[in-house]
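The lines below spell out each chain.
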Amino acid sequence: MKVQPVRRRVFDILERDLPGDRTADFVHYFLIGTVLVSVAGAVLATVRSLEIHDAWWFKVGEFVALLIFTVEYGFRLWVAPEHPLRRGMSDASARFSYALTVPALIDLIAILPWFVALATDFDPHALLVLRLVRFLKLARYSSGFNALYLSIRRERYALLSCLIILCSGVLMSATAMYLTERNIQPDKFGSIPLAMWWSITTLTTVGYGDVVPVTNLGRVIGGITMISGLMMLALPIAIIAGSFAEVISKHNFVVTFSMIARLPPFSELDAPVLGDILPVLHSRSFDRGHHVVRRGEEAAHLFVVLEGRVEMETPDGMRTLGPGEVFGLLPGHTKPDPVAVRAVAKTKILSIEENELYMLALRHPDVIGRLSELHPDVKPEGEAPKP
């Protein structure tokens, strides 16, 4: 038996990128269930009254979970060279590159405590807390975690500005309180670093009450600090909430590199090109009978069918599109006539917005050429881009 096809198949199962792959679906939900049961067991094991930590069935369950996670980690290392971003790397380099990624490090930490306890004299009860890191493994399977990461990443500069504003507020209020209360409460406000504890708890609206101003001027400063804290915390909350809502509306499921690398328009592209394409792809799911594009609606996106089938109502009749086929807007072409497009089965669609599409055309015209070849219904406006 050749190793390459087997390794590729294991990669497909672990990544769950092939539509309708029941084996991949089973492994996917089995791993999620194992994570949830393992984390629940680690939490309940800290309740002394339950006395389950030393029970034989708990130890057997922990060993089985450890074995499953160890096998998963080993397989992910083994299939790392199959990832589209690691094309051209040697097997050893690809595996080393994967081992340094955040998901791989989480997988390693998830199995490390048991081996550490086995090889050293560390108290296994203390290492039990590290097993809760296994919960972070769910980020690989959750579109919600992915959407939160994308929303924070896209607003990182705005959030950094909010952090700078918050630090400035902490410093100014701590300095003002130091000047006001340093002689009256030297043990609490005798220095700016001491006063910063009060400033942080007040600005964040926690207000433990362990340190409070006693002078009238100090109370005025405290009141201003409280009001300022409400405004300072409202800024990042509003930014993250707005960005998260926008991202979650455009990303119904997680899109991976290997998922788009299988589609004809993006197959065999270099890793840097795939890296530019992935962030601009929005993912949407449509149930049977739901419209992707409504009648009379002007196309402002490029759509790529990832999974399922859609039916396009054109002036020349009905046309069915399947995985890998495209429709909608393309740069360098006249806008297609308004048509109605609806899903005829459970369908997953990738889309690129108009402004992002034109930026992609400037950076990677060959990708637009590939899309043009799969988009025969678009009328050229002058010479079409060459692939």
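**Student:** When you look at the overall build of the protein chain in this model, what are you seeing that I'm missing?
**Tutor:** Along its length, the protein chain carries 15 helices and 8 strands. The principal-axis extents of the C-alpha atoms in the protein chain amount to approximately 85 × 55 × 40 Å. By residue count, 39% of the 387 residues in the protein chain fall in the buried class. Excluding contacts between residues fewer than 6 apart, the proportion of contacts in the protein chain whose partners are at least 24 apart in sequence is 70%. When the accessible surface of the protein chain is totalled, it reaches about 21,200 Å², and 65% of it is carbon and sulfur. Charge-centre separation for the protein chain: the mean point of 38 positive side chains lies 3 Å from the mean point of 39 negative side chains.

**Student:** Just checking my understanding: could you explain unusual backbone geometry for this structure?
**Tutor:** Negative phi values dominate among residues other than glycine, just as trans dominates among peptide bonds. The phi torsion at T205 lies on the positive side, around 60°, for a residue other than glycine. You can see T205 is positioned in the loop between α10 (192-203) and α11 (216-250). The class for T205 is partly exposed, based on a relative accessible area of 45%.

**Student:** Even after reading the chapter, I still don't get the pattern of salt bridges, so can you show me in this structure?
**Tutor:** Where charged atoms from two side chains of opposite charge come close, those side chains can pair. Per the stated rule, a full pass over the model turns up 17 salt bridges. A salt bridge links K137 to D107; the nearest nitrogen and oxygen atoms lie 2.8 Å apart. Here D107 lies in helix α5 (residues 102-119) and K137 lies in the loop between α6 (124-127) and α7 (143-154), a separation of 30 residues in the sequence. The salt bridge involving E311 is made with R342; its shortest N-O contact spans 3.0 Å. Taken as a pair, E311 in strand β4 (residues 310-314) and R342 in strand β7 (residues 340-343) lie far apart in primary sequence, 31 residues in all. A relative accessible area of 32% means that R342 is categorised as partly exposed. Bridged by salt links that share partners, the residues R7, R8, D12, E82, D91 and R262 form one connected network.

**Student:** How do you make sense of the packing of aromatic side chains when you look at a structure like this?
**Tutor:** Two numbers describe a pair of aromatic rings. These are the distance of the centres and the angle of the planes. This structure, assessed with the given rule, holds 5 aromatic pairs. Each ring, one from W197 and one from Y208, has its centre 5.8 Å from the other, and the planes form 5°; the classification is stacked. Highlighted residues: W197 in helix α10 and Y208 in the loop between α10 and α11, separated in sequence by 11 residues. The class of W197 is partly exposed, set by a relative accessible area of 41%. Judged by centre distance (4.9 Å) and plane angle (15°), the rings of F303 and F327 are stacked. In this pair, F303 sits in strand β3 (residues 301-307) while F327 sits in strand β6 (residues 326-328), placing the two residues 24 residues apart along the sequence.

**Student:** What am I meant to see in a nonpolar patch on the surface here?
**Tutor:** Among the surface-exposed residues, W56, W57, V60, F63, V64, L67, V71 and F75 lie close enough to one another that they form a single nonpolar patch of about 810 Å² accessible area. By the element assignment, V64 lies in helix α3 (residues 56-78).

**Student:** What am I meant to see in the confidence of the model for the protein chain here?
**Tutor:** Reading predicted coordinates in detail is not appropriate for stretches of low pLDDT. Of all residues in the protein chain, 91% have pLDDT values of 70 or greater, and the mean over the chain is 83. Segment residues 380-387 is flagged for pLDDT under 50; beyond a separation of four residues in sequence, or across chains, it makes 18 contacts in the model.

**Student:** In this structure, what is going on with the pairing of β7? I would like to understand it.
**Tutor:** The two faces of a sheet get side chains in turn, since along a regular strand they alternate between them. Inspection of the sheet shows strand β2 (residues 291-293) paired to β7 by 2 bridges, in the antiparallel sense. Its bridge partner being in β7, H291 is matched across the sheet by R342.

**Student:** In this structure, what is going on with the packing of α7 against α11? I would like to understand it.
**Tutor:** Angle between the axes and distance between the axes are the two parameters that describe a pair of packed helices. Interhelical geometry of α7 versus α11 gives an angle of 125° and a closest axis separation of 8 Å. Judged by the angle between their axes, α7 and α11 are oblique. The two elements α7 and α11 cross, and the hand of that crossing is right-handed. Touching S143, G144, A147, L148, L150, S151 and R154 of α7 are I240, S243, F244, E246, V247 and I248, all from α11. Classifying every residue of the contact of α7 with α11 gives 7 nonpolar, 4 polar and 2 charged.

**Student:** When you look at the packing of helix α8 (residues 156-181) against α10 in this model, what are you seeing that I'm missing?
**Tutor:** Direction vectors running N to C along α8 and α10 enclose 125°, while the axes themselves pass 8 Å from each other. What the angle tells us is that α8 and α10 run oblique. Once α8 is placed against α10, the crossing between them reads as right-handed. In this structure, α8 uses L166, G169, V170, L171, S173, A174, T175, M177 and Y178 to contact α10, whose residues at the interface are I192, A195, M196, W198, S199, I200 and L203. Along the lines of polarity and charge, the residues of the contact of α8 with α10 split into 12 nonpolar, 4 polar and no charged.

**Student:** Sorry, what's going on with α5 here?
**Tutor:** An α-helical turn contains 3.6 residues, so any two residues separated by three or four positions project in the same direction. The first and last C-alpha atoms of α5 sit 25 Å apart over 18 residues, in line with the 26 Å expected at 1.5 Å per residue. The largest bend along α5 reaches roughly 40° and is located at L112, with the proline P113 sitting one to four residues downstream. By the burial criterion, the buried members of α5 are A104, I106, D107, A110, I111 and P113.

Here is what the cut-offs are and how they apply
- Within each chain, residue numbers correspond to sequence positions counted from 1 in written order.
- For this predicted model, a pLDDT threshold of at least 70 governs which residues receive local features, and a threshold of 80 or more governs which side-chain atom pairs are given and counted, while totals over whole chains, interfaces and linings are taken from all residues.
- Hydrogens and water are ignored here; the side-chain numbers use all heavy atoms of the structure.
- A helix here means a DSSP run of H or I that spans at least four residues, while a strand means a run of E at least two residues long, and both kinds are numbered starting from the N terminus.
- Exposure categories follow from relative accessible area, calculated using a 1.4 Å probe and restricted to protein chains: below 20% of the type maximum is buried, above 50% is exposed, and the middle band is partly exposed.
- Contact definition: two residues touch when any of their heavy atoms are within 4.5 Å.
- To be clear on the numbers: accessible area is Shrake-Rupley with a 1.4 Å probe, and residue cover counts the displayed protein chains and nothing else.
- We count Lys and Arg on the positive side and Asp and Glu on the negative side, and we leave His and both chain ends out.
- Lysine's charge is taken at NZ, arginine's at CZ, aspartate's at CG and glutamate's at CD.
- A pair is scored as a salt bridge if a Lys or Arg side-chain nitrogen falls within 4 Å of a carboxyl oxygen belonging to Asp or Glu.
- Aromatic pairing here means that ring centres of Phe, Tyr or Trp (its six-membered ring) are within 6.5 Å. Orientation follows from the plane angle: under 30 degrees is stacked, over 60 is edge-to-face, and everything else is tilted.
- Patches here: salt-bridge-free residues with over 30% relative accessible area, like charges joined within 9 Å, nonpolar side chains (Val, Leu, Ile, Met, Phe, Trp, Tyr) joined within 5 Å.
- The quantity called pLDDT is the predictor's confidence in a given residue, expressed from 0 to 100.
- Only strands joined by at least two bridges in the DSSP assignment are considered to pair.
- Every axis in this analysis is a line fitted to C-alpha atoms, fitted for helices over the stretch in contact. Angles between the N-to-C directions lie between 0 and 180 degrees.
- What sets the label is the angle itself: under 35 degrees gives roughly parallel, over 145 gives roughly antiparallel, 65 to 115 gives roughly perpendicular, and the rest give oblique.
- Left-handed describes a crossing whose near helix is turned anticlockwise from the far helix by less than a right angle; the clockwise case is right-handed.
- Under the scheme applied, nonpolar residues are Ala, Val, Leu, Ile, Met, Phe, Trp, Tyr, Cys and Pro; charged residues are Asp, Glu, Lys and Arg; polar residues are all the others, including Gly.
- Here the expected length of a helix is defined as 1.5 Å per residue gap, with one fewer gap than residues.
- Two axes enter the definition of the bend at a residue: one is fitted to the seven residues ending there, the other to the seven starting there, and the bend is the angle between them.

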